[in-house]
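# A look at the structure
Below are the chains, spelled out letter by letter.
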Amino acid sequence: MTDVTHGVLHTLFQSDQGGHEQVVLCQDRASGLKAVIAIHSTALGPALGGTRFYPYATEEEAVADALNLARGMSYKNAMAGLDHGGGKAVIIGDPERIKSEELLLAYGRFVASLGGRYVTACDVGTYVADMDVVARECRWTTGRSPENGGAGDSSVLTAFGVYQGMRASAQHLWGDPSLRAKRIGIAGVGKVGHHLVEHLIAEGAEVFVTDVREEAVRRITERHRDVLAVKDTDELIRVDGLDIYAPCALGGALNDDTVPVLTAKVVCGAANNQLAHPGVEKDIADRGILYAPDYVVNAGGVIQVADELHGFDFDRCKAKAAKIYDTTLAIFARAKADGIPPAAAADRIAEQRMHEAAEARRTR
């Protein structure tokens, strides 16, 4: 057994980051599908989480990412007040090269085989049109197009929720939720980031952006001439006088290299798993930086796809996503009262809800 495989199994069965109920390895050689479906918890209800399509360097890396993302969804769904546990799926490969109708249909059959224990949706590398295909084989599919009975693009409410988290952070730190004239840097202006820019521009914030894709940045700067583009994330986090830093790309943005050089007073973004490893949240707090837990503020999308299961209503979803403002403030208050970082406070609240649900199930 390789050290890497041992590490994955240790995470699954023994570490504090584990505790997953089920991990399914899926393969369909005819279509080229290789996927991992991870179910972390069904204490609150069927596991809900998106499907990430990404060219992982190794299969072990894909499994580890699925485990981390699934665990994060348990906490996100709990903090969003949803009756869903946490799950996540990853499809291994470059979606630009191998994604096909046959592959997505094969994936849908694997999700369907779980009988509703896992409900899937969009994530990095998958889109509404993809979920329409998956849904042909699996009724436990959300994030579909309105034409096919779905809610459409969940990134709209994801961005709205992050915006509410920023407003709560401003209220907590500066005594005013307004973001007018605040200097805000966004790393990643793709599906979620470009919607977030619109909210911030409308409020009069000074916005800086960067993205590994030049066309994504160009789309923003051509639409908004006042938005300033910077070369890369390394330059963005060092912008002088930055008030808020919003990581909106892949995870691990807050690590031993980035935290010491952050100029921002607040970190609040859409990316999942921003904390690269346990202990980073304390390093952030020790620097006097306010961290809005990622899985709390980026929950607008999962609120939307969960609502789709019951007959989608956008206004109802937006009202629920607006409550991210109050939830974020409550976490900051709990953190202050307990003398712990906000990330730890959010974990305690989420764990309490999951524990109470599990206990109630056992005593029925």
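You'll find the structure just up there.
Residues numbered from 1 in each chain as written. Predicted model: local features only at pLDDT ≥ 70, side-chain atom pairs only at ≥ 80, totals over all residues. Heavy atoms only, no water.

### Observations regarding the overall build of the protein
Counting secondary structure elements, the protein contains 15 helices and twelve strands. Taken over C-alpha atoms, the radius of gyration comes to 20 Å for the protein, in line with the 21 Å a tight globule of 364 residues would show. Viewed in the frame of its principal axes, the protein has a C-alpha envelope of about 50 × 50 × 45 Å. The 364 residues of the protein split such that 54% are buried. Accessible surface, the protein: about 16000 Å² in total, of which carbon and sulfur atoms supply 49%. Each charge class in the protein can be summarised by its mean position, and for the 39 positive and 49 negative side chains these summaries are 4 Å apart. (Helix = DSSP H or I, 4+ residues; strand = E, 2+ residues; numbered from the N terminus. Rg over C-alpha atoms; globule rule 2.2 N^0.38 Å. Buried < 20%, exposed > 50% of the residue type's maximum accessible area, 1.4 Å probe, protein only. Areas by Shrake-Rupley, 256 points an atom, 1.4 Å probe, with all protein chains shown as cover. Lys, Arg positive; Asp, Glu negative; His and termini not counted. Charge placed at Lys NZ, Arg CZ, Asp CG, Glu CD.)

### Regarding the packing of aromatic side chains
This model, assessed by the stated rule, comprises three aromatic pairs. Summarising the aromatic geometry, the rings of tyrosine 54 and tyrosine 56 are spaced 5.1 Å apart at their centres and angled 70° between planes, so their arrangement reads as edge-to-face. Exposure remark for tyrosine 56: the relative accessible area of 9% places this residue in the buried category. Aromatic side chains tyrosine 75 and tyrosine 295 sit 5.8 Å apart centroid to centroid with 65° between the ring planes, which places their arrangement in the edge-to-face category. Highlighted residues: tyrosine 75 in helix α2 (residues 59-79) and tyrosine 295 in helix α11 (residues 294-297), separated in sequence by 220 residues. There is no split in this pair, since tyrosine 75 and tyrosine 295 are both buried. (Phe/Tyr/Trp six-rings, centres within 6.5 Å; stacked < 30°, edge-to-face > 60°.)

### Digging into the pairing of strand β5 (residues 85-92)
Most of β5 sits out of view: eight of its eight residues are buried. With burial as the criterion, each face of β5 is covered, one bearing Gly85, Gly87, Ala89 and Ile91 and the other bearing Gly86, Lys88, Val90 and Ile92. Across six bridges, strand β2 (residues 33-41) lies against β5 in antiparallel orientation. By the bridge assignment for β5, isoleucine 37 is matched with alanine 89. With two bridges joining them, strand β3 (residues 47-48) and β5 adopt parallel strand pairing. Residue pairing in the sheet places alanine 47 in a bridge with glycine 85 of β5. In this sheet, β5 lies alongside strand β4 (residues 51-54) in parallel orientation, the contact comprising four bridges. Within β5, the position partnered with arginine 52 by the bridge is valine 90. (Pairing = 2+ DSSP bridges.)

### Remarks on the pattern of salt bridges
Applying the stated criterion to the full structure yields 20 salt bridges. Aspartate 307 serves as the salt-bridge partner of arginine 316, at 2.8 Å between the closest nitrogen and oxygen. Across the salt bridge formed by arginine 334 and aspartate 338, the nearest N and O atoms sit 2.6 Å from each other. Taken together, the positions of arginine 334 and aspartate 338, both in helix α14 (residues 324-338) and four residues apart, correspond to about one turn of that helix. You can call arginine 334 partly exposed: its relative accessible area is 26%. (Salt bridge = Lys/Arg side-chain N within 4 Å of Asp/Glu carboxyl O.)

Any functional reading would require information beyond the geometric quantities listed.
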